[in-house]
4 protein chains.
Amino acid sequence: MFYGVDLTSRLMLGTAQYPSPQVLLEAIEASGAEVITVSLRREGAAGGAFRALLAKSRCRLLPNTAGCHTVREAVTTARMAREVFGTSWIKLEVIGHADTLQPDPFALVEAARVLCAEGFDVFPYTTEDLIVGEKLLEAGCKVLMPWGAPIGSGQGLRNLAGLRSMRAHFPDVPLVVDAGIGAPSQAAQAMELGFDAVLLNTAVAKAVDPVGMARAFGHAIQAGQEGFVAGLMPERDMASVSTPVFGLAELA
Amino acid sequence: MFYGVDLTSRLMLGTAQYPSPQVLLEAIEASGAEVITVSLRREGAAGGAFRALLAKSRCRLLPNTAGCHTVREAVTTARMAREVFGTSWIKLEVIGHADTLQPDPFALVEAARVLCAEGFDVFPYTTEDLIVGEKLLEAGCKVLMPWGAPIGSGQGLRNLAGLRSMRAHFPDVPLVVDAGIGAPSQAAQAMELGFDAVLLNTAVAKAVDPVGMARAFGHAIQAGQEGFVAGLMPERDMASVSTPVFGLAELA
Amino acid sequence: MFYGVDLTSRLMLGTAQYPSPQVLLEAIEASGAEVITVSLRREGAAGGAFRALLAKSRCRLLPNTAGCHTVREAVTTARMAREVFGTSWIKLEVIGHADTLQPDPFALVEAARVLCAEGFDVFPYTTEDLIVGEKLLEAGCKVLMPWGAPIGSGQGLRNLAGLRSMRAHFPDVPLVVDAGIGAPSQAAQAMELGFDAVLLNTAVAKAVDPVGMARAFGHAIQAGQEGFVAGLMPERDMASVSTPVFGLAELA
Amino acid sequence: MFYGVDLTSRLMLGTAQYPSPQVLLEAIEASGAEVITVSLRREGAAGGAFRALLAKSRCRLLPNTAGCHTVREAVTTARMAREVFGTSWIKLEVIGHADTLQPDPFALVEAARVLCAEGFDVFPYTTEDLIVGEKLLEAGCKVLMPWGAPIGSGQGLRNLAGLRSMRAHFPDVPLVVDAGIGAPSQAAQAMELGFDAVLLNTAVAKAVDPVGMARAFGHAIQAGQEGFVAGLMPERDMASVSTPVFGLAELA
């Protein structure tokens, strides 16, 4: 449950960097996503047309504050997004480092506090830091979105132990891996760890065939979720026989 | 193409170790597999019943020589399997090491030579060794099945570089990762490397919910295949902006 | 240079958990460490004796605030440590999470600000978070001590990409990997990445033979440092011939 | 014990690809190696001079059959090496794949059988394959030299689980990791797994400073060996307190 909303598909898809609006729409459709993120900052002269386009997808919109580097910028952007998109949902990004696009934990917590107090449903883009996670919950967030790796890097889950630790530490909080995913198998892995959803953009938008890749991620996230629910076998150090052998003597 | 047969689903499923025949049938169905492996050695008093059961699945049968440790045992088992199951397909296992169930490359090549000469369509369970692979092709095999990890270990693709190297070295040979897969994400990863199929048993049969896990693997393998075809983004050392930022000045 | 002090050995050794004071002294000697950390909180009735013991090692002392969970606790402990040990060096730990002993980035930065203003030379135990690192530098720290993994876990460098990124982002700041190192090879790896030192405790104190392990780590850190300076070869995807072959024809 | 010879230093060093003979000699000296490998095929007009050079190092020579692709080539080269270098030691390489320089397990075992029968002390360059290892022991080898990764790749121990399995399977056979090591930490890791020695060439010869790198590897291998002997701590999933906290109440 993400702020009272239950989702069948656990893939959230970004809408930037696609080769064309048509490809974007087809990719959303192929992915099965029910939530798409959208940057307010694409809104200008062409904003109305883009909004009309996204409305066709019939997905729930999750506006984001991508590109914001300060509390003030992020809060202002969130408020504008609420008006423009008519939703209290906001993916809160406050970027601390221009190269890695690492979130700034200090500004993030402060902005979350302001926005939660104003009634926003905040989806904070954060790191796997447990203490930052706790502060975000104290600020009023009911979802956490740790990164898998730096935005656009495609490195996958680069701190696997840290993400496992986060899942264990917040057993009842919806956790979404956001950023860094480059391949369907990595998205499946996040779900197998027990994460509740995966948010993607670059890996789909920049694929040779974005529509085919969107479909691939849709299946991968479904696979990981089903695998988690079905109970993965434990890894073993030594091999064991998987085919039981009956009647060995018969062949002697 | 596996010996002239084209498969839609690239999951091959083993039939051992399931809690009940009914669960096995449902798992096969849920997985979408079109090929199932079966050990001749389960055939005894109950053999007929088990064969009748498998017939219900309408899958193509791939009999195996699981549990064989010598050329003679494997060849004899293969011949019996051909009669019993009425197929020239044979998954050739010649186990060299009792703990890891590692194939014996020497006996494997020799048995493959004998069986290919007798008209079998041999699917050899082998390691990622390139030279052993070449010898198997020389012997007449038209498919290779390298292990991901020891049978039943669930370790996944433990020699990733070796498997990549194998894919590059045999660009035109159908390659199936056989053994060692423990989680859907690992199966997806194999397909993303360009492998043609994945053969599984323990990870499904020993899951808490085998039917749910079979479905998960079906989706994962589809996801990996679709991802490979759609062209994965390259991994990057440094992050790059994934949401383009327009109109930044408007917010200043 | 660590606050104006140049060190030959880049191993810093903790003094807790040893089987006996004698073993501790021998381990320090065998390791070649020139800096040892010590917890003020061991100081009680037996404090004087322990101080006398450490004095024998002729190492520079780096008192720590281990076990502190708040700014107030950490600052108070640091002040007492300065009096008791007669040094302005302080390893600042403000623990945020009882299980993983993760630092609390918020309290850490605040405590660092207070202590730097009071003239302490602060060695902050932090994560690989770049923004937290920047805040610590702004607070006046001239050294950063990111964790390799949770204290006492022996997992090594669990977020390798994050540590690499930190080294690249702070090229002129002395960086010490502190916590999580379990094996000499992991300490060597940290130095090969260009880190300036490694701080250890559990891996030595809890070894079967702490003195032998201290010696091993001393050699490993030297090896990693020498390797970094000598310029590591790049990793290659494909193999290349390492033994040049002359006169092949002679053997034909 | 390597064929009755006990070695203090567990580093074996290759002699190819150095910028100059002088650098080679200094690198050998700095590394502390007591065994150096040498290719017969460098022996031509300049062979005598090169032999004289190596004699200065006072190391035991381990001639190799680098560049040989067939049993006949390898056996002929080994016989010539025995005459030229006056030693029954031979590092047996029979290359099966030109790109990865993977050993050919079939030709390797056959050549080993011939050479052992002729009284050679064979050091076979092999893979981590357990069955190939067993065949080499049956052929008369008393040492095995599995690769870490393809020759010259610097990838380190790319099949860690396979190498662990090999160590466990051959507890009483001297095992030397040969090829693929690119960094001192990787050599230390091999020794920590319980391997008996490491053979290197490219990583030293192609370093920016080969002499410094040779020293680094010497220390790393010593560190790994000492660490193995001293008993590594087990890795833990969750952190535990490494600094015991006494007198917490005093600070409250």
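Residues numbered from 1 in each chain as written. Chains lettered and ligands numbered in written order. Predicted model: local features only at pLDDT ≥ 70, side-chain atom pairs only at ≥ 80, totals over all residues. Heavy atoms only, no water.

A. Seen up close, the UniProt feature "binding site: 1-deoxy-D-xylulose 5-phosphate" (unreviewed entry) in chain A. Residues and elements named next belong to chain A. Look at the UniProt record and you will see "binding site: 1-deoxy-D-xylulose 5-phosphate" (unreviewed entry) annotated at Gly 152, Ala 179, Gly 180, Asn 201 and Thr 202. Maximum C-alpha separation among the annotated residues is 9.2 Å over a sequence range of 51 residues, consistent with a single clustered spot. Here Gly 152 shows up in the loop between β6 (145-146) and α6 (160-169). On the basis of relative accessible area, Thr 202 is assigned to the buried category, the value being 6%. A distance of 3.4 Å separates polar atoms of two side chains, one belonging to Thr 202 and the other to Gln 17. (UniProt positions renumbered as here; feature names shortened; annotations may be inferred. Helix = DSSP H or I, 4+ residues; strand = E, 2+ residues; numbered from the N terminus. Buried < 20%, exposed > 50% of the residue type's maximum accessible area, 1.4 Å probe, protein only. Polar contact = N/O pair within 3.5 Å; in protein donor to acceptor, adjacent residues only side chain to side chain.)

B. Structural view of the interface of chain C and chain A. Counting residues at the interface gives 24 residues for chain C, matched by 24 residues for chain A. Carbon and sulfur atoms supply 60% of the area that chain C and chain A bury against each other, a total of about 1,800 Å² over both sides. Of all residues in chain C, C:Phe106, C:Ile131 and C:Arg158 bury the most surface against chain A, accounting for 34% of the area lost on that side. Scanning the region where chain C abuts chain A turns up 0 salt bridges. Counting the contacts that link chain C with chain A gives 6 residue pairs in polar contact (both at pLDDT 80 or more). When residues of the side of chain C that touches chain A are assigned to their parent elements, the largest contribution, 5 residues, is made by helix α5 (residues 130-139) of chain C. Taken together, the residues that form the side of chain C that touches chain A break down as 8 nonpolar, 10 polar and 6 charged. (Contact = heavy atoms within 4.5 Å. Buried area = accessible area lost by both parts, 1.4 Å probe. Salt bridge = Lys/Arg side-chain N within 4 Å of Asp/Glu carboxyl O. Nonpolar A, V, L, I, M, F, W, Y, C, P; charged D, E, K, R; others polar.)

C. Region of interest: the nonpolar core. Ranked by size, the top nonpolar core spans 172 residues in total, and within it B:Met12 and D:Met12 carry the most contacts. Not counting the four nearest positions on each side in its chain, D:Met12 is found in contact with D:Phe2, D:Leu7, D:Val35, D:Leu62, D:Met145, D:Val176, D:Ala197, D:Val198, D:Leu199 and D:Leu200. Grouped together as the second largest cluster of nonpolar side chains are 168 residues, A:Phe2, C:Ala30, C:Val75 and C:Ala207 included. (Core = buried A, V, L, I, M, F, W, Y, C linked by side-chain atoms within 4.5 Å.)

D. Quick look at the pattern of salt bridges. Tallied over the entire structure, the rule returns 16 salt bridges over all chains. Between D:Arg79 and D:Glu118 there is a salt bridge whose closest N-O contact spans 2.6 Å. Of this pair, D:Arg79 sits in helix α3 (residues 71-85) while D:Glu118 sits in the loop between α4 (105-117) and β5 (121-126), and the two are 39 residues apart along the sequence. On the basis of relative accessibility, which here comes to 39%, the residue D:Arg79 falls in the partly exposed class. The network of salt bridges with common partners includes A:Lys91, A:Glu93 and A:Asp178.

E. Main features of the relation of the copies chain C and chain A. Screw-axis analysis of chain C against chain A gives a translation of 0.0 Å along the axis, an RMSD of 0.0 Å, and a rotation angle of 180°. One copy is carried onto the other by what is essentially a two-fold rotation axis. Proximity to the rotation axis, assessed at the C-alpha, singles out C:Asn159 in chain C; its C-alpha lies 2.5 Å from the axis. Both copies share a contact surface, since 100% of the interface residues of chain C are interface residues in chain A too. (Least-squares fit on C-alpha atoms with pLDDT ≥ 70 in both.)

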